[in-house]
Structures are given as C-alpha cells and as structure tokens.
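Here is what each chain is made of, one letter per residue.
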Amino acid sequence: MAARIHGGAATALSTFNPKKLVAPSRTNLPAAARSSKRCIVAGGGSDASKKSLSVRHSQKLIANAAVATKAETSATTGTGHELLLFEALQEGLEEEMDRDPHVCVMGEDVGHYGGSYKVTKGLADKFGDLRVLDTPICENAFTGMGIGAAMTGLRPVIEGMNMGFLLLAFNQISNNCGMLHYTSGGQFTIPVVIRGPGGVGRQLGAEHSQRLESYFQSIPGIQMVACSTPYNAKGLMKAAIRSENPVILFEHVLLYNLKEKIPDEEYICNLEEAEMVRPGEHITILTYSRMRYHVMQAAKTLVNKGYDPEVIDIRSLKPFDLYTIGNSVKKTHRVLIVEECMRTGGIGASLTAAINENFHDYLDAPVMCLSSQDVPTPYAGTLEEWTVVQPAQIVTAVEQLCQ
Amino acid sequence: MATSFSATLPLHGSQENRLLLPPIRLAPPPSSFLGSTRSLTIPSSRRLYHAHAARRSPVVGVQEVVKEKKVTNSLVLCILITKEEGLVLYEDMILGRSFEDMCAQMYYRGKMFGFVHLYNGQEAVSTGFIKLLTQSDSVVSTYRDHVHALSKGVSARAVMSELFGKVTGCCRGQGGSMHMFSKEHNMLGGFAFIGEGIPVATGAAFTSKYKREVLKQDCEDVTVAFFGDGTCNNGQFYECLNMAALYKLPIIFVVENNLWAIGMSHLRSTSDPEIWKKGPAFGMPGVHVDGMDVLKVREVAKEAVTRARRGEGPTLVECETYRFRGHSLADPDELRDAAEKAKYAARDPITALKKYLVENKLANEGELKTIEKKIDELVEEAVEFADASPQPGRSQLLENVFADPKGFGIGPDGRYRCEDPKFTEGTAQV
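What counts as what
- Residues numbered from 1 in each chain as written.
- Chains lettered and ligands numbered in written order.
- Predicted model: local features only at pLDDT ≥ 70, side-chain atom pairs only at ≥ 80, totals over all residues.
- Heavy atoms only, no water.
- Helix = DSSP H or I, 4+ residues; strand = E, 2+ residues; numbered from the N terminus.
- Buried < 20%, exposed > 50% of the residue type's maximum accessible area, 1.4 Å probe, protein only.
- Areas by Shrake-Rupley, 256 points an atom, 1.4 Å probe, with all protein chains shown as cover.
- Contact = heavy atoms within 4.5 Å.
- Domains from an automatic or database assignment.
- Pairing = 2+ DSSP bridges.
- Right-handed = clockwise from strand over helix to strand, strands pointing away.
- Buried area = accessible area lost by both parts, 1.4 Å probe.
- Salt bridge = Lys/Arg side-chain N within 4 Å of Asp/Glu carboxyl O.
- Polar contact = N/O pair within 3.5 Å; in protein donor to acceptor, adjacent residues only side chain to side chain.
- Axes fitted to C-alpha atoms, helices over the stretch in contact; angles between N-to-C directions.
- Core = buried A, V, L, I, M, F, W, Y, C linked by side-chain atoms within 4.5 Å.
- UniProt positions renumbered as here; feature names shortened; annotations may be inferred.

## Some points on the overall build of chain B
1) Next: The secondary structure content of chain B amounts to 15 helices and 9 strands.
2) Next: The burial tally for chain B puts 57% of its 430 residues in the buried class.
3) Next: If you sum the accessible surface of chain B, you get close to 17,400 Å²; carbon and sulfur atoms cover 55% of it.

## What about the overall build of chain A?
1) Next: Within chain A, the regular secondary structure consists of 13 helices and 17 strands.
2) Next: Contacts spanning at least 24 positions in sequence make up 83% of the contacts within chain A whose residues lie at least 6 apart.
3) Next: Surface exposure of chain A reaches about 13,600 Å², of which carbon and sulfur atoms provide 53%.

## Focus on the domain arrangement of chain B
1) Next: Here the domain parsing of chain B yields domain 1 (83–388) and domain 2 (393–429).
2) Next: Placing the centre of domain 1 of chain B and that of domain 2 of chain B at their C-alpha centroids yields a distance of 37 Å.

## Considering the pairing of strand S8 (residues 286–290) of chain B
Residues and elements named next belong to chain B.
1) Next: In terms of residue burial, S8 counts as a mostly covered element, since 5 of its 5 residues are buried.
2) Next: Side chains of S8 alternate between two faces, with Gly 286, His 288 and Asp 290 and Val 287 and Val 289 buried alike.
3) Next: With 5 bridges connecting them, S8 and strand S9 (residues 315–320) associate as parallel partners. If you follow Val 287 over to S9, its bridge partner there is Val 317.
4) Next: Between the parallel pair S8 and S9, the chain is carried across by helix H11 (residues 294–309), and the sense of this crossover is right-handed.

## What about the interface of chain A and chain B?
1) Next: Between chain A and chain B, the contact holds 56 residues from the first and 59 residues from the second.
2) Next: Overall, the association of chain A and chain B removes approximately 4,600 Å² of surface from exposure, summing both partners, and the carbon and sulfur fraction of that is 63%.
3) Next: Across the contact surface, chain A and chain B share 0 salt bridges.
4) Next: Applying the counting rule to chain A against chain B returns 24 residue pairs in polar contact (both at pLDDT 80 or more).
5) Next: When residues of the side of chain A that touches chain B are traced back to their parent elements, those giving at least two are strand S5 (103–107), helix H3 (123–127), strand S6 (132–134), helix H4 (139–151), helix H5 (170–177), helix H6 (180–183), helix H10 (322–332) and helix H11 (347–359) of chain A.
6) Next: Top element by residues in the side of chain A that touches chain B is H4(A). It accounts for 8 residues.

## With respect to the sheet that holds S6(A)
Residue and element names in this part refer to chain A.
1) Next: The mixed open sheet is built from 7 strands, whose spatial order is S6-S5-S7-S8-S10-S9-S15. The sheet terminates laterally at S6 and strand S15 (316–318), the two strands that pair on one side only. For this sheet, the mean inter-axis angle between neighbouring strands, taken without regard to orientation, is 20 degrees.
2) Next: Direction of pairing for strand S7 (residues 155–159) relative to strand S8 (residues 193–198): parallel, over a ladder of 3 bridges. In the sheet register, Val 157 faces S8, and the bridge partner there is Val 193.

## Concerning the nonpolar core
1) Next: Within the largest apolar cluster, 152 residues are counted, with the highest numbers of intra-cluster contacts made by Phe216(A), Ile355(A), Phe129(B), Met160(B), Phe206(B), Ile252(B) and Phe253(B).
2) Next: Top contributing element to this core by residue count: helix H3 (residues 83–108) of chain B, with 12 residues.
3) Next: Those residues in contact with Phe253(B) that lie beyond four places of it in its chain are Ile198(B), Thr202(B), Ala225(B), Phe227(B), Cys240(B), Leu241(B), Ala244(B), Met284(B), Pro314(B), Thr315(B), Leu316(B) and Val317(B).

## Things to note about the UniProt feature "domain: Transketolase-like pyrimidine-binding" (unreviewed entry) in chain A
1) Next: Per the UniProt record, the feature "domain: Transketolase-like pyrimidine-binding" (unreviewed entry) sits at residues 83–258 of chain A.
2) Next: Measuring from the first to the last C-alpha atom of residues 83–258 of chain A gives 8 Å, for a span that is 35% helix and 18% strand.

## Quick notes on the domain arrangement of chain A
Residue and element names in this part refer to chain A.
1) Next: Domain assignment breaks chain A into domain 1 (81–263) and domain 2 (275–402).
2) Next: Taking the mean C-alpha position of each, domain 1 and domain 2 sit 26 Å from one another.
3) Next: Counting residues at the interface gives 31 residues for domain 1, matched by 27 residues for domain 2.
4) Next: Summing both sides of the interface, domain 1 and domain 2 together bury roughly 2,300 Å²; the carbon and sulfur share of this comes to 54%.
5) Next: Looking only at domain 1, the three residues that lose the most surface to domain 2 are Gln 203, Arg 211 and Gln 217, adding up to 28% of its buried area.
6) Next: Scanning the region where domain 1 abuts domain 2 turns up 21 residue pairs in polar contact (both at pLDDT 80 or more).
7) Next: Only helix H7 (213–216), strand S9 (223–226), helix H8 (230–242) and strand S10 (247–252) provide two or more residues apiece to the side of domain 1 that touches domain 2.

## Comments concerning the environment of Cys104(A)
1) Next: Structurally, Cys104(A) is set in strand S5.
2) Next: Each C-alpha atom, one on Cys104(A) and one on Val132(A), is 6.0 Å from the other, the two residues being 28 residues apart in sequence.

## So, the side chain of Ser174(A)
Residues and elements named next belong to chain A.
1) Next: Considering the arrangement of structural elements, one finds Ser 174 in helix H5.
2) Next: Classification of Ser 174 as buried rests on a relative accessible area of 16%.
3) Next: Leave out the neighbours within four places in its chain, and Ser 174 touches Met 179 and Ile 219.

## Some remarks on unusual backbone geometry
The bulk of non-glycine residues show a negative phi, and the bulk of peptide bonds are trans.
1) Next: Residue Lys318(A) is joined to Pro319(A) through a cis peptide bond whose omega torsion reads 5 degrees.
2) Next: Counting through the fold element by element, Pro319(A) comes out in the loop between S15 and H10.
3) Next: Its identity is not glycine, yet Asp109(A) carries a phi of approximately 60 degrees, on the positive side.
4) Next: Residue classification places Asp109(A) among the partly exposed positions, given a relative accessible area of 34%.
5) Next: Its identity is not glycine, yet Asn400(B) carries a phi of approximately 70 degrees, on the positive side.
6) Next: On the secondary structure map, Asn400(B) appears in the loop between helix H14 (365–388) and helix H15 (421–425).

Okay, here's the thing in structure tokens:
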C-alpha cells in the first residue's frame, strides 16, 4: 500500500528556473577531474524566501558526489558539442531525416515558423514543404493522416504544438495508432512518433499545463518516453523514429533551454530503459522529465544531511523498466516516486502498483508517491507553485521514509 | 528544395448547381462531370433527387439507354461497357450480394457474433469504384466493409474466416467484421468509429504524393475513401476535405448516402442534405450520382480516378444508394417506410445490370446463371473453409500488439518480456 503525499503548502522555494541551467556533465571522469566542471543549478535551495519567478537564481556548485552522473556511452571522445535541449531534438530529427527519406514531419507551424519551440527550425528550408508539413489546425485529422501515411510506408513525426492539443487527436491515437497493428493481424505497422511539449510551465494556465502521459498510458500498442536532458532528448528522438512501434515522446516546456555537452558521434538511447542519474544506498527515487531536476536539487540537500539517495530517471513511461527499478529497490528497500503527473491515475500510480506487485518482499516501507495536486493548474504563480512537487517536499518525504 | 502548394481550385458554380468543372477532355469517350442538377424536393415525399442529367450529360443511365434506342448526341455512347467488363461487374456484384446473404445466415446460426453490417443494395458503389482500381491503389472503408474488401480482391475465404474469428482470416481473427485489412490488396480497413478512416485515407493519399514529389518515384496510386451520410456531419470529414484540397491529394471521397444512420434519417440530422455541395466549399468538385446504377457510378468514378492520377486533386462523390437490410443484423429496421424500401428494391443494381446486359446482347441468361452458380459455390466453399479452420490459440493473444515486441518492456529479470517463453504461450505477465 502506498502512502501518497502530494504538493501541499511548501516552504516557499524559488521555483526552478531552467533558463540558465547547465545539466550536470555526463562524462565518466573521476570526481577530482569533475571538480573543474561547473554545474549550475538555478533556484538556490538556501534562500527560501525568494520566490519571484522572473529572477534568475544561479548558484555555482562544484560538482561533487551529490550530483554524480552515470555515463551512458562507453567512452566519450572528450570533444562533443554543447547545445540546448531543443537543439538536441532538432539535431536528432535532422540526422534521422538525412538518414531516411521516408521520415517526415507534420504539425502546426513546424515548417515556415520553425516550430513553436524551434525544434524544427530550418528543416523546412532544407527538406522542403512536403517533408516538413505545415498543417491546418486539425489535430485529429492530421494525426490520422500521419497514421495513414505510416501504414503506407512513411515514417511521420507528428508534432502537437502543446501536448494538451493532442486531446483532440485522442480518437486517432487510441483507436488507430494503438490498435491497427493488432486489428489488422500484424499486416500494417505504424512507425509514427508523436511528440510535443507538455507539463506545467510558467503560468501558462490550466489547459496549456496538462500532463497527458496519464491519459495515454492505458492505450495498448503504444510506447511512451519522456526526455529530460539534451543527451537523452536526442537519443530518444532518434530511437523513437527508428522504432517500428508508435512512440509518444513527451517533452517539457521548461526544459527546452537546458544546456549540455553531447557526443559528436552518433548514438541512440534505448526506448525501454531507465537512466541511472545518481547511484545511492538509502532510498530509490524514481522520477522523470522536469521533476528530475527538483529531485536532484533535493538530493543536494539530502546529501548534506547525510542521506544517500539513488535517483533514477525512468524515461520509459510505458513500459516501465522493471529491471533497473527492481535492482534499485532490492538494494535500497525504500521507494519514493516524484512526478509531475496528477495524483489520480497518473504514472506514479501505475508505477506504485507495479513495484508493489513485483518487489513487495523487498520493501521496508510503503512506496511513497509525490504527485501534482488533482487540480487544474491555476494561473497565479503562487498557486501554480503549490500544485507541483517542490524540492522541500521531496526532502521531507525522504526523511520520513528513511526513519 | 521547397515545393509549394498551389492555391485551391477556383470555386465554381455558385449560381447554379450545374457543371462543377468545365468538361474534361479525355480520350474517347469525352464526358463532363455529371453536374448535379438535383433540386431538393420536399421531405414528405421522401424523394430527394430526380435526374435532370439525361438531357445535358452524355452519360446516361441504364434505364435511359434501354428506353431510348436513338442516340441524339454523336458523343453519346449507347453501350458503356464491353462484354468482359460487364461480366466482371456482374460477378463482383453477385459476389457481394451472395456473400452478405450468407453472412446473415451464418450470424443467425451462431457462427459469427458482434456487430455485422451488411451491404445489400449498395453493391453498385463498391463495384463501380473499386473495379477501376489497381492493386496498389488503396481503399479505406467503414464498418460496412465486407464487400469493399471482396471487390478489392481479398478472397471470400479470408473474409469469411475473419468473420468466424478463425486464424485463417485476413486479420488472423483479431479484427472481425469491422476491421477488414489486407496489405496485399491495399485494403486499409475497416474502422468501427465513423469518420476515423477518412484521415487514414488522407494519409495514404499523402504518401502517394510524397512518393512522387519527394522520393521521385513513379507513383500514380489513388485512395478511395468510402463512408456514409452520417459521417458527413462529423468534423473529421471536413478537416480532411480541407487538407485533401489544400495539398491536392490523389483521393476520392465517396459518400454512400443511404439516407439512414441507424435510425436517424439524413434529413433529420443535416442542415443541408445535399452532401455533394460541400465539395466546392473546400475547392474540389462535388458530384452527385445515382448509386443504384453501376454504370453511372463507374463513369463518375473513371473521371474522379483519372483526375486524381493526373495530380489534379480530390473529388467528392455522393452516391445516392440504399441498404436493403437494417443497419446491422441487430437492427430491427422498423423506422424505415415500407414504400421507400419497395421503391429502392425496384432499383436493385444487380437486376438493373442484368437487364442491361441481356437487352444489349452483351450476355445471355445462361452466362449470367453460370456466374451466379460459380459464386454460390465460391461462397459455400468459403464457409466450409472457415468452418474447418482452427480458432486462434492462446499463443496468439500477445502477438501483433507491437510491431517490435520489445515494446512490452524489460521484466524484473533483466530480459525483455517478449523473450520470456511464456510470452509465446500467451500466458506471460505484461
């Protein structure tokens, strides 16, 4: 049985501001060498009273064991190039479009406008108006069009300008995208990628702040992944495009300006695997997308208090990587799930059930899940802050679990 | 390099509902689109349309040809088809009718279950369009899809087995009556919700255009989307009319207007019941045709398909037709007027074609009887085959959910679930 604590009135912490964020370096260098790399996390944890959202807080930190990262590739050349998350997505998309002429993009304002978050910038000039198709505002129809195109040989990447708009395409995503491979007896494949930004942004209002991962997770036949760093954004984009299954790639509005150095050589990320962000011994914290950064921020505080949290970015929202998660649970015996999804019926709810079902014997405490409030996201900044999980709550939850 | 889309077609014919396009010059026979000159009669008479076209249009109906032996216009062809074509059309319609009748029998005998929607009476539309297509052209249908699948070339055995839920069905028994798919014959389904197939058809047409313009392949494939009058009040229909016209996609939207959506009369649910008019609103020709006359349908279809192949864009064709049975086998069909049913029964497309073939000496009764017998045997054999086929085993349960079964994820033991031996048995935990 899971105890759930959701975002209540937290001590006012500056809201996470990613504008000047540099993701922790992913390199495999030993700690001493890493100390020379700067890791800037905005929203200083110590200054609890300031909560202005427009003021950028930055705090230089010497990267230490608190934010150790796992290297995903076996070796890095050491060169690599630095870019922002949206540029990483674009790079991945462009590489796949270069590689396979069947890959095309369709969505609103993806062509001439370059994408409302600039993910498709420059692609229309390079590949033409048909390969990077500016559609009219008809999500259901153009998603269906992408599905029909996929059935007949193309590999469309369908962009929802905001994930919330894909609610209008639910018919096509559920009935056709998810099901047609099955109902056709395996005759037709639907290798589409449906992507777009979702999540709670900066006072965007209720309808533009939705988290659709919970609505889509029951659809059989689709896979869902959520990217959180430029590295895994590019890798997941490429993997999703190459996959024969329909994949929904969840991006987050506030993470597009994350900066990181990624390898020059080609790489893809595994769609079904989770990412070990920080190995630890005391507690397993499972998270994804933007909450990863709140967790890492809380992790710093926790380390200072003497805890050793293991942080895993689950990345694959459907299906869950029960191997990585299971190994972690077997090691730490305590699980905290931190997500931005709604409390009711969210990813955390499913994950809690899966962990209880599979790893019950290994748990020393009930699985705790921190989710957003079951509330339409309010416009007011203060209220909005209280609907999502903040680092202080994460710290409190860990302390509670680790008693 | 950027390709740009030309503007939409100039809108035509706003003052009168006549020719919606200037006559297209084709190799013989030249013909112009059947401009619809229908006037809407008052609903109480239940007669929506009556033809004025015979005078103006060189394409005439079966009945008119039989009546008027004299040809007034030198461009008019008295006989619209050759003997071979006629027999192909006849056989296809008989196949559709016999198959559907057998479906009804089998349903009441408990061999198939669920929702089964039969096509009796509408055969002229399916035959008229699909017999003009090649194998690589695509057809998208609705839940009333058995005959579309048969016309497209899916074997009667495969369709019947699918209806019986057997492994040998065209979709391995996983789709059922409302999901007839065939990759080989480019039958893209079979959709249970109305309207959801239209975007898929638009996508197939998009692929055709993409192959031509981006991949530089020789691709003249067209897509024909069939749907009913009820669907024409659905948003997906309009969204796709817009996109198809905007991108000039090689697609033909065929409305099988049988006047009823289960128990909802078309006139009660539609503000402007003349569906063909909605085409020009989006910049494509809209045509109305008598859907009980396979030769008329075929002539219109030829135009529309040729237009699409030439890259001139989509067409909306409204076929006035009628279903002789209820909406589905579960429908008691009490709302429809007996007089209306009788009127359309008298216009049975199969009877009409038979009369045409015989009276124009294209075939004799004996040849037609041979065809009917052959089809009867074919359908019987299909039933026997379906009966004898095995039902799907447990192992099939988890197959085909994903094209790449890695999508089921990684299990607690570190292996992909699809590698679990229980997975192939269909008993794995996913």
